[in-house]
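Chain by chain, the residues run as shown.
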Amino acid sequence: MVRTEFGPGFVERLPEFAAELGGSRVFVVTDRGLRATGIVGRVEKIFAAAGVECLVHEDIGPNPATTELDRGAARLREYGAAVVIALGGGSALDAAKGISLLAGNPGSLAADADTLWSASDGLPIVAVPTTSGTGAETNGFGVVEDTRLCWKVYIGHESVRPRIAVLDPELTLGLPAPITAATGLDALVHGVESLASRGADAVSTADAARAVALVGAWLPIAYRDGANLEARSQLMLGAHLAGHALTRSGLGLVHGLGHAITARTGTPHGVALAAVLEEVMTYTAPFAVTAYATVADSLRAPTAVDAVRAISTAVDLKRPLRAFGLTRADLPAVASAALADAVTKNAPRSPRQDEVEELLASVY
């Protein structure tokens, strides 16, 4: 179970949290762009002041590839036993889980992710999200790209579920508006799809409904005023609750399509989701009446589709598929990849190839 530590300034307590996990040295996994924000340097100084040995690995891209995980695991094995600090957005957190697991299983490769669900334990992780979107700090799996196949794969193990999630909304204050929008929309979809998922239960439904209400209310405010700490705090909390919900319930066709679009084009995950969200909800609505009524009620809107359309508009995220570089000839392959994605099995309505192709054509 993930222990959550939530509040402004909580990043300063990282040495304390690492020590609780037996860590006198830490291995920080982060993305290539985060240092420019000052966050990586701040974390290095926090550990230095506490006398904790710290090595930063910042070789993670926005859509992490299996080869990046292999490089990170090799470096962590060379460094030796340590607590892994997963610092950044969902890409860094997902990569850190894979790196931790691979480091504990010498000889394994990320491309062989299917064989690792029963592997030996990975190293302990403290997750420090710097965006409010993926909820990756709540679970033990990550989504990474096998670049050979242009295919998203799931890598994970219960041992790499973060032991502690440090939610410090101050770390999101400098997040640019477009990233705030894309990551926040991801969190909204987590809540919506968790409510409609075949795997939903009473606990996931409660978390998802609260997440949808928080993200829906505070995302537009954080998008307009990135320095609003209250908006940043509530948005981060909403994203975290959505992460807990999806971990129990699973997701659906919106994410299946989002993964397929991103793997083929490199489009940011939240932007890919926004392209198909309203259309998938309309397609599944007859099979998710109660779930979408909860969405509408949580967002104080006449219908769920109206509500999500208003939020996508408010944060300027909706784009046609052709804007991502897709051609009409690509649509059947995107549809096939979405149908093969494990998350799509949770959708309230089981889609057919021709139906998904028609849906994609409608947003092309």
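Residues numbered from 1 in each chain as written. Predicted model: local features only at pLDDT ≥ 70, side-chain atom pairs only at ≥ 80, totals over all residues. Heavy atoms only, no water.

A.B. asks: Would you mind going over the overall build of the protein in detail, with residue names and values included?
C.D. replies: Of regular secondary structure, the protein possesses 13 helices and 8 strands. What you see for the protein is a C-alpha radius of gyration of 19 Å, in line with the 21 Å of a compact globule of 364 residues. Along the three orthogonal principal directions, the C-alpha set of the protein runs to about 55 × 45 × 35 Å. Across the protein, contacts joining residues at least 24 apart in sequence account for 79% of those joining residues at least 6 apart. On the protein, roughly 13,600 Å² of surface is accessible, and the fraction owed to carbon and sulfur atoms is 55%. Looking at charge distribution, the protein has the averaged site of its 30 positive side-chain charges lying 1 Å from that of its 39 negative ones. (Helix = DSSP H or I, 4+ residues; strand = E, 2+ residues; numbered from the N terminus. Rg over C-alpha atoms; globule rule 2.2 N^0.38 Å. Contact = heavy atoms within 4.5 Å. Areas by Shrake-Rupley, 256 points an atom, 1.4 Å probe, with all protein chains shown as cover. Lys, Arg positive; Asp, Glu negative; His and termini not counted. Charge placed at Lys NZ, Arg CZ, Asp CG, Glu CD.)

A.B. asks: Outline the environment of Asp-186, supporting the account with residue identities and numerical values.
C.D. replies: Topologically, Asp-186 is positioned in helix α5 (residues 177-196). In this structure the C-alpha to C-alpha distance between Asp-186 and Ala-272, which are 86 residues apart in sequence, comes to 9.4 Å. Sequence-distant contacts of Asp-186, defined by excluding residues within four places in its chain, comprise Gly-133, Thr-134, His-255, His-269 and Leu-273. Polar contacts involving the side chain of Asp-186 include one to the side chain of His-269, which spans 3.3 Å. (Polar contact = N/O pair within 3.5 Å; in protein donor to acceptor, adjacent residues only side chain to side chain.)

A.B. asks: Lay out the side chain of Asp-168 with the relevant residues and their values.
C.D. replies: Tracing the backbone shows Asp-168 in the loop between β8 (164-167) and α5. There is a polar contact of 3.0 Å between the side chain of Asp-168 and the backbone nitrogen of Glu-170. Discounting residues that sit within four places of it in the chain, Asp-168 has contacts with Gly-7, Pro-8, Gly-9, Phe-10, Val-11 and Met-236.

A.B. asks: Mind laying out the packing of aromatic side chains, listing which residues take part and the relevant values?
C.D. replies: What the rule picks out here adds up to 1 aromatic pair. Judged by centre distance (5.9 Å) and plane angle (40 degrees), the rings of Phe-27 and Tyr-79 are tilted. In this pair, Phe-27 sits in strand β2 (residues 25-31) while Tyr-79 sits in helix α3 (residues 66-79), placing the two residues 52 residues apart along the sequence. For Tyr-79, a relative accessible area of 14% puts it in the buried group. When the ring centre of Tyr-79 is taken as reference, the NZ or CZ atom of Arg-25 above it lies at 4.0 Å. (Phe/Tyr/Trp six-rings, centres within 6.5 Å; stacked < 30°, edge-to-face > 60°. Buried < 20%, exposed > 50% of the residue type's maximum accessible area, 1.4 Å probe, protein only. Lys NZ or Arg CZ within 6 Å of the ring centre and 35° of its normal.)

A.B. asks: Break down the pattern of salt bridges for me, citing the residues and quoting the values.
C.D. replies: Throughout the structure, instances matching the rule amount to 22 salt bridges. With a closest N to O distance of 3.2 Å, Glu-278 and Arg-309 form a salt bridge. Of this pair, Glu-278 sits in helix α9 (residues 269-284) while Arg-309 is found in helix α11 (residues 304-314), placing the two residues 31 residues apart along the sequence. What makes Glu-278 buried here is its relative accessible area of 9%. (Salt bridge = Lys/Arg side-chain N within 4 Å of Asp/Glu carboxyl O.)

A.B. asks: With reference to specific residues and values, describe empty space enclosed by the protein.
C.D. replies: Taken as a whole, this structure holds 2 cavities of 30 Å³ or more when the rule is applied. Each pocket or cavity is described by its volume, and for the largest cavity that value is around 90 Å³. Taken together, 16 residues form the lining of the largest cavity, with Glu-193, Ala-196, Leu-253, Tyr-292 and Pro-348 sitting closest to its centre. Of all the secondary-structure elements, those providing two or more residues to the lining of the largest cavity are α5, α8 (253-265) and α9. Per element, the largest residue contribution to the lining of the largest cavity is 4 residues, and it comes from α9. Looking at the lining of the largest cavity residue by residue, the classes come out as 11 nonpolar, 4 polar and 1 charged. Roughly 70 Å³ of internal volume is contained in the second largest cavity. Taken together, 16 residues form the lining of the second largest cavity, with Pro-129, Thr-131, Gly-133, Gly-135 and Glu-137 sitting closest to its centre. Residue contributions to the lining of the second largest cavity peak at 3 residues, all from helix α7 (residues 229-249). (1 Å grid on protein atoms, 1.4 Å probe; cavity = no way out; pocket = protein on both sides within 12 Å on 5 of 7 lines; lining within 4 Å. Points joined across faces, edges and corners; volume = space filled by probe spheres on them. Nonpolar A, V, L, I, M, F, W, Y, C, P; charged D, E, K, R; others polar.)

A.B. asks: Please set out the sheet that holds strand β3 (residues 53-60) residue by residue, giving values where relevant.
C.D. replies: Strand order in this open sheet of 6 strands is β1-β8-β5-β4-β2-β3, and the pairing throughout is parallel. Of all strands in the sheet, those bounded by a partner on one side alone are β1 (3-6) and β3. This sheet shows a mean twist of 20 degrees between the axes of neighbouring strands, independent of strand direction. Taken together, the 2 bridges between strand β5 (residues 125-129) and β8 define a ladder with parallel strand orientation. Looking at the pairing, Val-126 lines up with Ile-164 of β8. Along the sheet face, α3 touches β2, β3 and β4 (83-88) and points at about 165 degrees away from the line of β3. (Pairing = 2+ DSSP bridges. Axes fitted to C-alpha atoms, helices over the stretch in contact; angles between N-to-C directions.)

A.B. asks: Before we move on, could you go through the side chain of Thr-183 and cite the residues and values that matter?
C.D. replies: Within the fold, Thr-183 resides in helix α5. Within polar-contact distance, the side chain of Thr-183 engages the backbone oxygen of Thr-180 at 3.4 Å. Excluding its chain neighbours within four sequence positions, the residues that come into contact with Thr-183 are Thr-131, Ser-132, Gly-133 and Leu-175.

A.B. asks: Would you mind going over the nonpolar core in detail, with residue names and values included?
C.D. replies: Membership of the largest hydrophobic core comes to 60 residues, with the highest contact counts inside it found for Leu-257, Val-276, Tyr-292, Leu-321 and Leu-360. Among the elements that make up this core, the one with the highest residue count is α9 (10 residues). With residues up to four places along the chain from it excluded, the contact list for Leu-257 reads Val-276, Val-280, Val-334, Ala-338, Val-356, Leu-359 and Leu-360. In terms of nonpolar packing, the next biggest core, distinct from the first, is built from 29 residues, Leu-69, Ala-82, Ala-95 and Leu-101 among them. (Core = buried A, V, L, I, M, F, W, Y, C linked by side-chain atoms within 4.5 Å.)

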